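Spelled out, the chains give:
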Amino acid sequence: MTTNSVPDNPHRAVRWWLISVAALIALMVLVGGATRLTESGLSIVEWKPVTGSVPPLSEAQWTEAFEAYKKIPQYRELNAGMSLSEFKEIFWWEWSHRLLGRFIGVAYLLPFLFFLWRGGLSGELKRRLWLLFALGGLQGAVGWWMVASGLAGRTEVSQYRLATHLLLALLIFAGIVWTVRRLEERPQIAAPARLRFTSVLLLAVTLVQIYFGALVAGLRAGRAYNTWPQIDGAFIPSAERLWFETPWWRNMFDNVLTVQFEHRMTAYALFVLALLHAIDAVRAGAAAGGALWLLAAVSVQAVLGILTLLNQVPIDLALSHQAVAIAVLTLAVMQVERLASRQQTHAQPRAVPLGQAG
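What you see as residue numbers is a count from 1 along each chain, following the sequence as written. Where totals are concerned, whole chains, interfaces and linings use all residues; where local detail is concerned, this predicted model gives features only for residues with pLDDT of at least 70, and gives and counts side-chain atom pairs only at 80 or more. The side-chain quantities take in all heavy atoms of the structure and omit both hydrogens and water.

A look at the overall build of the protein chain
A helix here means a DSSP run of H or I that spans at least four residues, while a strand means a run of E at least two residues long, and both kinds are numbered starting from the N terminus. The secondary structure content of the protein chain amounts to 14 helices and zero strands. The helix and strand sequence of the protein chain, counted from the amino end, reads α-α-α-α-α-α-α-α-α-α-α-α-α-α. Relative to the globule expectation of 21 Å for 358 residues, the C-alpha radius of gyration of the protein chain, 23 Å, shows essentially globular dimensions. Its C-alpha atoms give the protein chain principal-axis dimensions of roughly 70 × 55 × 35 Å. Burial status follows relative accessibility: with a 1.4 Å probe on protein chains alone, a residue under 20% of its type maximum counts as buried, one over 50% as exposed, and anything between as partly exposed. A burial count over the protein chain gives 47% of its 358 residues as buried. Residue burial considers only the protein chains on display, and all accessible areas are found by Shrake-Rupley using a 1.4 Å probe. Carbon and sulfur atoms form 67% of the exposed surface of the protein chain, whose accessible area is close to 17500 Å². Charge counting treats Lys and Arg as positive and Asp and Glu as negative, with His and both chain ends excluded. The location of each charge is read from NZ of Lys, CZ of Arg, CG of Asp or CD of Glu. One finds the centroid of the 30 positive side-chain charges in the protein chain at a distance of 10 Å from the centroid of its 22 negative side-chain charges. Our radius of gyration is a C-alpha quantity, and the globule rule it is checked against amounts to 2.2 Å times the number of residues to the power 0.38.

Comments concerning the packing of aromatic side chains
To pair, rings of Phe, Tyr and Trp, with the six-membered ring standing in for Trp, must have centres within 6.5 Å; the planes then decide the type, stacked if under 30 degrees apart, edge-to-face if over 60, and tilted in the middle. Counted under the stated rule, the structure contains 26 aromatic pairs. With centroids separated by 5.9 Å and ring planes inclined at 85°, the aromatic side chains of F91 and W92 adopt a geometry described as edge-to-face. Seen from their ring centres, Y108 and F133 are 6.1 Å apart, and the 20° between their planes marks the pair as stacked. You can see Y108 sitting in helix α4 (residues 84–118) and its partner F133 sitting in helix α5 (residues 123–148), a full 25 residues away along the chain. Its relative accessible area of 30% is what places F133 among the partly exposed residues. Taken together through their ring pairs, the aromatic side chains of W17, Y108, F112, F114, F115, W117, W130 and F133 make up a single cluster. Directly above the ring of F66 sits K70, whose terminal nitrogen or CZ lies 4.5 Å from the centroid. Geometrically, a lysine NZ or arginine CZ counts as sitting over a ring once it is within 6 Å of the ring centre and also within 35 degrees of the ring normal.

Digging into the layout of surface pockets
A water-sized probe rolled over the atoms picks out the places where empty space is left. Considered as a void within the structure, the second largest pocket measures approximately 470 Å³ in volume. Along its surface, the second largest pocket is lined by 18 residues, and E46, K48, V54, P56 and A65 are the ones closest to its centre. Secondary-structure elements contributing two or more residues to the lining of the second largest pocket are α2 (59–69) and α4. Just so you know the grouping, Ala, Val, Leu, Ile, Met, Phe, Trp, Tyr, Cys and Pro go in nonpolar, Asp, Glu, Lys and Arg go in charged, and all remaining residues, Gly too, go in polar. Grouping the constituent residues of the lining of the second largest pocket by class yields nine nonpolar, four polar and five charged. Only protein atoms enter the 1 Å grid used here, on which a cavity is any set of points holding a 1.4 Å probe that cannot leave and a pocket is any open set flanked by protein within 12 Å on both sides along at least five of seven lines; residues with an atom within 4 Å of a point are listed as lining. Grid points are joined across faces, edges and corners, and a volume is the space filled by probe spheres set on the points.

Observations regarding a nonpolar patch on the surface
Patches draw on residues past 30% relative accessible area with no salt bridge. Two like charges within 9 Å are joined, as are two nonpolar side chains (Val, Leu, Ile, Met, Phe, Trp, Tyr) within 5 Å. The working definition used for a salt bridge is a side-chain nitrogen of Lys or Arg within 4 Å of a carboxyl oxygen of Asp or Glu. Where nonpolar side chains cluster on the molecular surface, the patch consists of F271, V272, L275, L276 and I279 and spans about 400 Å² of accessible area. Note on placement: F271 falls in helix α11 (residues 256–284). Assessed through its relative accessible area of 32%, F271 is described here as partly exposed.

Structural notes on the environment of I306
Looking at the secondary structure, you find I306 in helix α12 (residues 288–310). Judged by relative accessible area, I306 falls into the partly exposed class, the value being 22%. When the C-alpha atoms of I306 and S43 are compared, they prove to be 30 Å apart, with 263 residues separating the residues in sequence.

Here we look at the pattern of salt bridges
Overall, the coordinates contain 15 salt bridges when judged by the stated rule. Among the salt bridges present, the one from E124 reaches R128, with a minimum N-O distance of 2.7 Å. You can see E124 and its partner R128 sitting in helix α5, four residues apart, about one turn around the helix. For E184, the salt bridge identified is with R186, shortest N-O distance 2.9 Å. Classification of R186 by relative accessible area gives partly exposed; the value is 23%. Here the salt bridges do not stand alone but share partners, grouping R15, R181, R182, E184, R186 and E337 into one network.

Structural notes on the packing of α11 against α12
At a closest axis distance of 8 Å, the pairing of α11 and α12 adopts a crossing angle of 155°. Classified by the angle between their axes, α11 and α12 sit roughly antiparallel to one another. At the point where α11 passes α12, the crossing takes the left-handed sense. Residue-level contacts link Q260, R264, L270, F271, A274, L275, H277, A278, A281 and V282 of α11 to A288, A291, L292, L295, V298, S299 and L309 of α12. Residues that form the contact of α11 with α12 fall into these classes: 13 nonpolar, three polar and one charged. In this analysis an axis means a line fitted to C-alpha atoms, helices contributing only their contacting stretch, and an angle means the value between N-to-C directions, from 0 to 180 degrees. Each angle receives one of four descriptions, namely roughly parallel if under 35 degrees, roughly antiparallel if over 145, roughly perpendicular if within 65 to 115, and oblique otherwise. In this scheme the handedness of a crossing depends on how the near helix is turned from the far one: anticlockwise by less than a right angle means left-handed, clockwise means right-handed. The contact definition used throughout considers only heavy atoms, calling two residues in contact when any of these lie within 4.5 Å.

Shown next, in the form of structure tokens:
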């Protein structure tokens, strides 16, 4: 095989595969958000990783699935008297969410095995891709762990488990975005250390904000406190209302007011940090475009958050808010990668062309 047949970027096919998987994960997150907003997540009370991909096909199977749902507290306390047709509506949301998860697993594993067989993946890249696959498997187990929390003693899933489920999905998504970016050969950007630090800090705060947002969704805190800029009658609620649970840290996860408050305060902090980072990047002449795009996305996200709150969390605004959160995370990961050292990429073995086995 002559060197003329080697493509300019031997990882091009890998990149497009990973971009497709990332897009599917983003869609999965949005379907999961819709499942939560429509209270559909507990409509399937069993975890059948293989046979569960087939929905009920007969009236008898639909009746059996509905009878199983009637045994859990959510039906008895919130949906007693629901008709079979109403049950089917929430069932299809949860079934679609689970089916998409299975499809993502196949869409990741089969091309990955193909690329391993054909060769062309460096040792570091293979280790990273195996780690992402393992996290994907863990995500399936975490999803059932979340659902199981709402099948007995509760009418909804635990907000702790819901937040863990969402955060893990977006960590996998972020890992894929990072990997795609690392497969591109680009020169190192000369930037001051503080700019690199604030980019990492922005990414960390974004992930914390996403976690708090999941707690808000889990506790329906956006519907409980839907005024802005005041919350519970003040910009900063009284300490007695914010910290009445013991031990104090439980308020950060269980107190509806505190969870809503911390989500708002983190949003303000994220906007200020994105603004300062953008100003610094423009002055330093380093990664200014990425910083400005990130600031724009954070600004849109803040506006959508306020509108979602004031309108008492309608599904269209809520899903738009979630979609822009994914965009903010994507841009934050890209900005960190853009400013990170790229010296290690030159030390990686040159990829074997994907058209050549071995």
